[in-house]
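Single-letter residue listing:
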Amino acid sequence: MQSISKKLSLLFVLCAISAILLVTIFVNLTVSNKFNQYMIDIQNKRYERIVSYFEEAYKREGEWTKDTGIELIHEAYMGNYCLTLRNSKKQPVWGMDPDDLLTQIHIGDMPVQNNGVYTTKTFEITIDGEVVGYVDIGQYSSVLLSEEDVNFKNSINKSIVASGVITLMIISIVSLYFSKQFSTPIREVANLSVSLSEGNFEAKSTSKSNIEELENLRISVNILAEKLKHQDTLRKRLVSDITHEIRTPLNVLQNNLEAMIDGVFPVTNEGLIYLNEEIIRFGKLINDLNLLKEFESESIKLNYEPIHLDDLLIEMSKDFFIGEKKGILIEYEILPNENYQTFGDIDKIKQVIINLLSNAIKFTESNGKITIKLYKEMKQIVVEVIDNGVGIKQEDLPFIFERLYRGDKSRNQIEGNGIGLTIVKNILELHNAKIEVNSREGIGTKVKVYFTSAN
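Note that the structure is predicted; figures quoted are calculated from it, not measured.

Participant: I'm lost on the overall build of the protein in this one. Help?
Facilitator: Of the regular secondary structure elements, the protein holds 11 helices and 11 strands. The buried share of the protein, reckoned over its 455 residues, is 38%. Intrachain contacts of the protein at a sequence separation of at least 6 include 69% that bridge at least 24 residues. Total accessible area on the protein is roughly 27500 Å²; 55% of this is exposed by carbon and sulfur atoms.

Participant: How should helix α11 (residues 420-430) be read in this particular structure?
Facilitator: Because an α-helix packs 3.6 residues into every turn, residues spaced three or four apart end up facing the same way. Those residues of α11 lying buried are Leu421, Thr422, Ile423, Val424, Asn426, Ile427 and Leu428. One or two positions beyond α11, positive phi appears at Asn432, with a value near 55°.

Participant: For this particular structure, what's the right way to read the sheet that holds strand β11 (residues 444-452)?
Facilitator: Hydrogen bonding along the main chain pairs the strands of a sheet, whether they run parallel or antiparallel. With respect to topology, five strands assemble into an open sheet ordered β6-β8-β9-β11-β10, the strand pairing being mixed. Two strands in the sheet have a free side with no partner beyond their single neighbour: β6 (329-334) and β10 (434-440). Neighbouring strand axes in the sheet, compared pairwise and without regard to direction, differ in orientation by 15° on average. The strands that helix α9 (residues 346-362) touches are β6, β8 (369-377), β9 (380-387), β10 and β11; relative to β9, the one it contacts most, it runs at about 25°.

Participant: What is the right way to look at the pattern of salt bridges in this model?
Facilitator: Side chains that differ in charge, positive against negative, can pair when their charged atoms come close. If you walk through the whole model with that rule in mind, you get five salt bridges. The partner of Glu384 in a salt bridge is Lys448, with the nearest N and O atoms 3.8 Å apart. Of this pair, Glu384 sits in strand β9 while Lys448 sits in strand β11, placing them 64 residues apart in sequence. By relative accessible area, which is 5% here, Glu384 ends up buried. On the basis of relative accessibility, which here comes to 14%, the residue Lys448 falls in the buried class.

Participant: Would you mind showing me how to read α9 here?
Facilitator: When the terminal C-alpha atoms of α9 are compared, their 24 Å separation across 17 residues agrees well with the 24 Å that a helix rising 1.5 Å per residue should span. Along α9, the positions that sit buried rather than exposed are Lys348, Ile349, Val352, Ile353, Asn355, Leu356, Leu357, Ala360 and Ile361. By the N-cap criterion, in which a side-chain oxygen at the helix start approaches the backbone nitrogen of a residue two or three places on, α9 is capped by Asp345, the distance to Asp347 being 3.1 Å.

Participant: Would you mind showing me how to read a negative patch on the surface here?
Facilitator: A grouping of Glu61, Glu63, Asp67 and Glu71 is seen on the molecular surface, where their side chains present a negatively charged patch. Tracing the backbone shows Glu71 in the loop between α1 (4-61) and α2 (72-78). Glu71 sits in the partly exposed class, given a relative accessible area of 45%.

Participant: What is the right way to read the confidence of the model for the protein from this model?
Facilitator: Caution applies to low-pLDDT parts of the model: their predicted coordinates are not meant to be read in detail. Across the protein, pLDDT averages 79, with 82% of residues at or above 70. Throughout residues 105-114 the model reports pLDDT below 50, and contacts reaching past four residues in sequence, or to other chains, amount to 28 contacts. This stretch, residues 408-412, has a pLDDT under 50; its non-local contacts, to residues over four places away or in other chains, come to nine contacts.

Participant: What exactly am I supposed to notice about unusual backbone geometry here?
Facilitator: Glycine aside, a negative phi is what most residues show, and trans is what most peptide bonds show. Of note in this structure, Lys90 is not a glycine but carries a positive phi near 65°. Take Lys90: its relative accessible area is 52%, and that puts it in the exposed class. One non-glycine residue, Asn432, adopts positive backbone phi at about 55°. Of note, Asn432 is situated in the loop between α11 and β10. Residue classification places Asn432 among the exposed residues on the basis of a relative accessible area of 67%.

Participant: Teacher, can you tell me more about the sheet that holds strand β3 (residues 119-127) here?
Facilitator: The antiparallel open sheet is built from four strands, whose spatial order is β2-β1-β4-β3. Single-partner strands in this sheet number two, and they are β2 (92-95) and β3. Averaged over all adjacent pairs, the angle separating strand axes in this sheet is 20°, with direction ignored. Sheet topology places strand β1 (residues 81-87) next to β2; three bridges connect them, and they run antiparallel. Bridged to Thr84 within β2 is Gly95.

Cut-offs applied
Residues numbered from 1 in each chain as written. Predicted model: local features only at pLDDT ≥ 70, side-chain atom pairs only at ≥ 80, totals over all residues. Heavy atoms only, no water. Helix = DSSP H or I, 4+ residues; strand = E, 2+ residues; numbered from the N terminus. Buried < 20%, exposed > 50% of the residue type's maximum accessible area, 1.4 Å probe, protein only. Contact = heavy atoms within 4.5 Å. Areas by Shrake-Rupley, 256 points an atom, 1.4 Å probe, with all protein chains shown as cover. Pairing = 2+ DSSP bridges. Axes fitted to C-alpha atoms, helices over the stretch in contact; angles between N-to-C directions. Salt bridge = Lys/Arg side-chain N within 4 Å of Asp/Glu carboxyl O. Expected span 1.5 Å × (residues − 1). Polar contact = N/O pair within 3.5 Å; in protein donor to acceptor, adjacent residues only side chain to side chain. Patch = residues over 30% accessible without salt bridge, like charges linked within 9 Å, V, L, I, M, F, W, Y side chains within 5 Å. Lys, Arg positive; Asp, Glu negative; His and termini not counted. Charge placed at Lys NZ, Arg CZ, Asp CG, Glu CD. pLDDT = per-residue confidence, 0-100.

Structure below.
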């Protein structure tokens, strides 16, 4: 099994080699074809020049002689081709011997195309539209290449190969660099996922990447690690809280019953009432846990109907006389001439309002004040519950909707099981509503609930 760095490097190098080979072959073929075409054009121009020369010579002399064009022989030998001059009846006037060309020029040692195959081309010599003779041009290759021409082609090919090798080296170095850029964050994320699977939620990935997708992956896995760490902490605390909440009434029951059995406490009506209250509190905790289980499993059924939140708040205010008993002032601020209708399960919405008001009264001291506001904001209906009670610690605020979560202060001094807000949030989520809580310790708490307006 290979690492991603090696895989990426090998992939880059293979792609580079393939690309360089294709480019090299393409460039080589293109250059060779263009160069050969260039040499053919030069050769054709040579043919035209030779024919033109003989035409001018015939015009000047008026006939063919053994000396006509004899001065071209030297040039022909130097150019590796043979000339044969023929009259209009195709009878030789004079000609060169191809064997002399082989021995004098050593064409067998020359690197030419189709080496050793002698071919001739015959061209007409015309004067005023009349054919007066022919010239045969023979050579030992289809395209005549001088040593300089061959050296030029070789230098081009060597340059192409050298550039390919240099490019391959550069691409290899670049591929190693970029493969590291890819592999390092991926390897760290992979190692982090292994650590998380082993229960090490303290692990984090610190190697930042300038690649957006890899950086998003790194950040997401780090966030996942934080959430898993948080969930693990909550799980441990949940076990501790459930143990605490269940053990307390059971210990009270056990101790009191043992004391009554042993005769330490007399069996009185007041004692039995006290034990019954503990049983009721224990039963209420079990009922709340069952209710929470129903919400979280989404097995609870909702009966949707139109709800006028202003009428509901005013009606429910009558049920909170307990706040008046504590000397707490409860005020309502409902903007008039507005339609506060929404859709939902009225019993569940009542439970939300009851829990919010109960919490506000519970955590507000005597002579305090609770304000309930109702108004519309865009296409939403907003319910605010504001108190000037003990408030919530900033470190506790992110966890107030977790099961059985209660700050140490509230656990020790105020009765409750830490399930109310969890149920509230689950009910609101089923109604596509949203809840926000802002609080400062010693100043008070503001809870805002956003319902979707029916119109």
